[in-house]
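# Observations on chain architecture
Given next are the chains, with one letter for each unit.
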Amino acid sequence: MLKYVVAVFLAIVLLVFGFVWFTGKKVDLKLVRPVTAVGTATTVSVQADAQHGTKYFSAVLEQNGQSQTIYADNTSSAQRSRIYTFPVGKKVDEFLKDGPARLILTAASNDMRGSTTTISQALQIILRAPTVVADGMQHYINQGGAELVTLDLGGNWSAAGVRVGRYSAGTFPMPGQPDNSSHRFSLFPFPWDVSPDTIPLAFARNDAGTEVTTTFWVKLFPKTFKTSNIELKDENLQKVVGELDPDGSGSLVDRFVKINRDLRKANNDQIYQLRTNTVNRILWSGPFVPIKGTRESFFADRRSYYYKGKKVDEQVHLGFDLAQTRNMPVTAANSGRVIFADRLGIYGNCIIIDHGYSLQTLYGHMSRIDVKVGDSVTKEARMGASGATGMAFGDHVHFSMLIAGVQVNPIEWWDEHWIRDRILSKIGSPQDKAAAVQAPPPASPTEHARKRHRH
Ligand SMILES: [Zn+2]
């Protein structure tokens, strides 16, 4: 009898052990963020997934025949998903030199079997920092406007540009230079919503994430932006909601506000994505030409929306609204290439033209579009007709100017002198450059706006 009990007991133990052994699963190892290059100290995070958790993790670095454990964790945990975070780089691993290396990651599962998983990742060790030197010119910038700075990059740079607050613009090779030239320029916006005391920073970064920054001579002209009130009528709400949210539910005003906030943001994100759809050359010539019509808005006008006397929303209007007659001709502000010609939410039927070097113009609310993506347009070419598609209460055109995906005040681009002094002289001919050095600082542009009666 006792023998029998012992035999059954042993059989059960064996079964349980066998079951646990064979159900012991391997650990799934992966880098939380891809890492292909490290510098002095780059943080690496590894995710280890296993059914019963992990009981061991290690990271080993190999370079030039040397190998060293740089991180180990022996604590076992039943947590199904664990994240191990540790620094890699010269600061912590002194034997590292510039050049290729290998990171070997090993983890053991937290079960009886303790099966181990090893993955390895090729790394480039980059210890040399990038360098960035900005030009010595005087940069006069209007808040909400644009400026251009030339940069000389060195060391191991892989990305560079100018950062203003939370915005950044990239660089382009100087005209005629190869794509990888280290003699470059950045055409950057000083966005309307960045505090005027913000210092623009030129930056350069290497693949290991090491970034250097420098300042350059800047004089900023702060601007005060206007505010206006818009009284929403039921017919306005019905028009917009019926077109842009036909299947929605809730009150007309709630649906309108939702469109005004969420769809506006989604549309502006889509416009921002188009900034990289640009060419490395100037497609335009001479000053930009405003669409003929009465200007009915200011740049960066803060609009409060009222419904039955109660404020229901507030949005900033970036761009100009131009109106004249119904279905008036919509003309290209300058030569370029059509990169968008379709419905775009609140902008209705919309055209976006790339003029090169991430300078773009946008035309919205059109009743008709007569161009298609890929078309080349010449300055003042007719592209369609004005209308009231999207979030518009009356026939007009919404015109915006964009640099690196950020809406800027267009009026600078209507001024031939501003264009020569601030843009062309720095990337154009030696004669242009000489002229710019002697040119006095430009007067800050003034607004000449007429009556506003439409949205
Ligand atoms: Zn508008």
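Only a predicted model underlies this, so the values are computations on that prediction, with no experimental measurement involved. Chains are numbered independently. Their residues run from 1 in the order of the written sequence. Reporting in this predicted model follows two pLDDT cut-offs: at least 70 for local features of residues, and 80 or more for side-chain atom pairs to be given and counted; totals over whole chains, interfaces and linings ignore these cut-offs and use all residues. Hydrogens and water molecules were not included; the side-chain quantities draw on all heavy atoms of the structure.

### Overview of the sheet that holds strand E24 (residues 329–331)
Which entries qualify depends on this criterion: One bridge is not enough; two strands pair if DSSP finds at least two bridges between them. Numbering goes from the N terminus for both helices and strands, where a helix is a DSSP run of H or I of at least four residues and a strand is a run of E of at least two.
Strand order in this open sheet of 3 strands is E24-E30-E28, and the pairing throughout is antiparallel. Two strands bound the open sheet, and with one partner strand each, they are E24 and strand E28 (368–369). For E24 and strand E30 (residues 382–385), the ladder comprises 3 bridges, and the chain directions are antiparallel. The partner of Pro329 across the bridge, within E30, is Ala385.

### A closer look at the packing of helix H2 (residues 234–244) against helix H3 (residues 252–273)
What counts, and what does not: To get an axis, fit a line to the C-alpha atoms, keeping to the stretch in contact for a helix; angles then go from 0 to 180 degrees between the N-to-C directions. Roughly parallel refers to an angle under 35 degrees, roughly antiparallel to one over 145, roughly perpendicular to one between 65 and 115, and oblique to any angle outside these ranges. Should the near helix be turned counterclockwise from the far one by less than a right angle, the crossing is left-handed, whereas a clockwise turn marks it as right-handed. In what follows, residue pairs with any heavy atoms lying within 4.5 Å of each other are defined as contacts. Under the scheme applied, nonpolar residues are Ala, Val, Leu, Ile, Met, Phe, Trp, Tyr, Cys and Pro; charged residues are Asp, Glu, Lys and Arg; polar residues are all the others, including Gly.
Packing of H2 against H3 leaves a shortest axis separation of 9 Å and a crossing angle of 60°. The orientation of H2 relative to H3 falls into the category oblique. As for the relative orientation of H2 and H3, their crossing is left-handed in sense. Here H2 contributes Asp234, Leu237, Gln238, Val240, Val241 and Leu244 to the contact with H3, which in turn contributes Leu252, Val253, Arg255, Phe256, Ile259 and Leu263. Of the residues belonging to the contact of H2 with H3, the class tally is 9 nonpolar, 1 polar and 2 charged.

### Things to note about the domain arrangement of the chain
Put simply, the rule reads: Domain extents, as shown, originate in an automatic or database domain assignment.
Taken domain by domain, the chain comprises domain 1 (2–125), domain 2 (131–221) and domain 3 (227–438). Computed from C-alpha atoms alone, the centre-to-centre distance between domain 1 and domain 2 is 42 Å.

### Here we look at H3
Since the α-helix advances by 3.6 residues per turn, residues separated by three or four positions end up pointing in the same direction. Definition in use: Here a helix's expected span is defined as the number of its residues, less one, multiplied by 1.5 Å. Two axes enter the definition of the bend at a residue: one is fitted to the seven residues ending there, the other to the seven starting there, and the bend is the angle between them. Type-normalised accessible area, obtained with a 1.4 Å probe on protein chains alone, sets the label of each residue: buried when under 20%, exposed when over 50%, and partly exposed for intermediate values.
Along its 22 residues, H3 runs 31 Å from first to last C-alpha, staying within 8% of the 32 Å computed at 1.5 Å per residue. At Ile259, H3 shows its strongest bend, of approximately 25°. Here H3 has its buried residues at Val253, Arg255, Phe256, Val257, Ile259, Asn260, Arg264, Asn267 and Ile271.

### Remarks on the nonpolar core
Keep this limit in mind: Think of a nonpolar core as a cluster: buried Ala, Val, Leu, Ile, Met, Phe, Trp, Tyr and Cys residues, connected wherever their side-chain atoms sit within 4.5 Å.
The biggest cluster of nonpolar side chains holds 54 residues, and the ones touching the most others in it are Tyr363, Met383 and Trp413. The element best represented in this core is strand E11 (residues 146–154), accounting for 5 residues. A domain split of this core shows at least three residues from each of domain 2 (131–221) and domain 3 (227–438).

### Some words on the packing of aromatic side chains
The condition that has to hold: Classification of ring pairs rests on two measures: the distance between centres of Phe, Tyr or Trp rings, Trp counted by its six-membered ring, which must be within 6.5 Å, and the angle between planes, read as stacked under 30 degrees, edge-to-face over 60 and tilted in between.
Scanning all chains against the criterion turns up 19 aromatic pairs. Seen in terms of ring centroids, Tyr71 and Phe86 are 4.9 Å apart; in terms of plane orientation they differ by 15°. Their pairing is stacked. Note that Tyr71 is positioned in strand E5 (residues 66–73) and Phe86 in strand E6 (residues 81–88), a separation of 15 residues in sequence. Residue classification places Tyr71 among the partly exposed positions, given a relative accessible area of 23%. Residue class for Phe86 comes out buried when judged on its relative accessible area of 1%. Taken together, a centroid distance of 6.3 Å and an interplanar angle of 35° make the contact between Phe256 and Phe393 tilted. In this pair, Phe256 is assigned in helix H3 and Phe393 in the loop between E30 and strand E31 (397–403), connecting sequence segments 137 residues apart.

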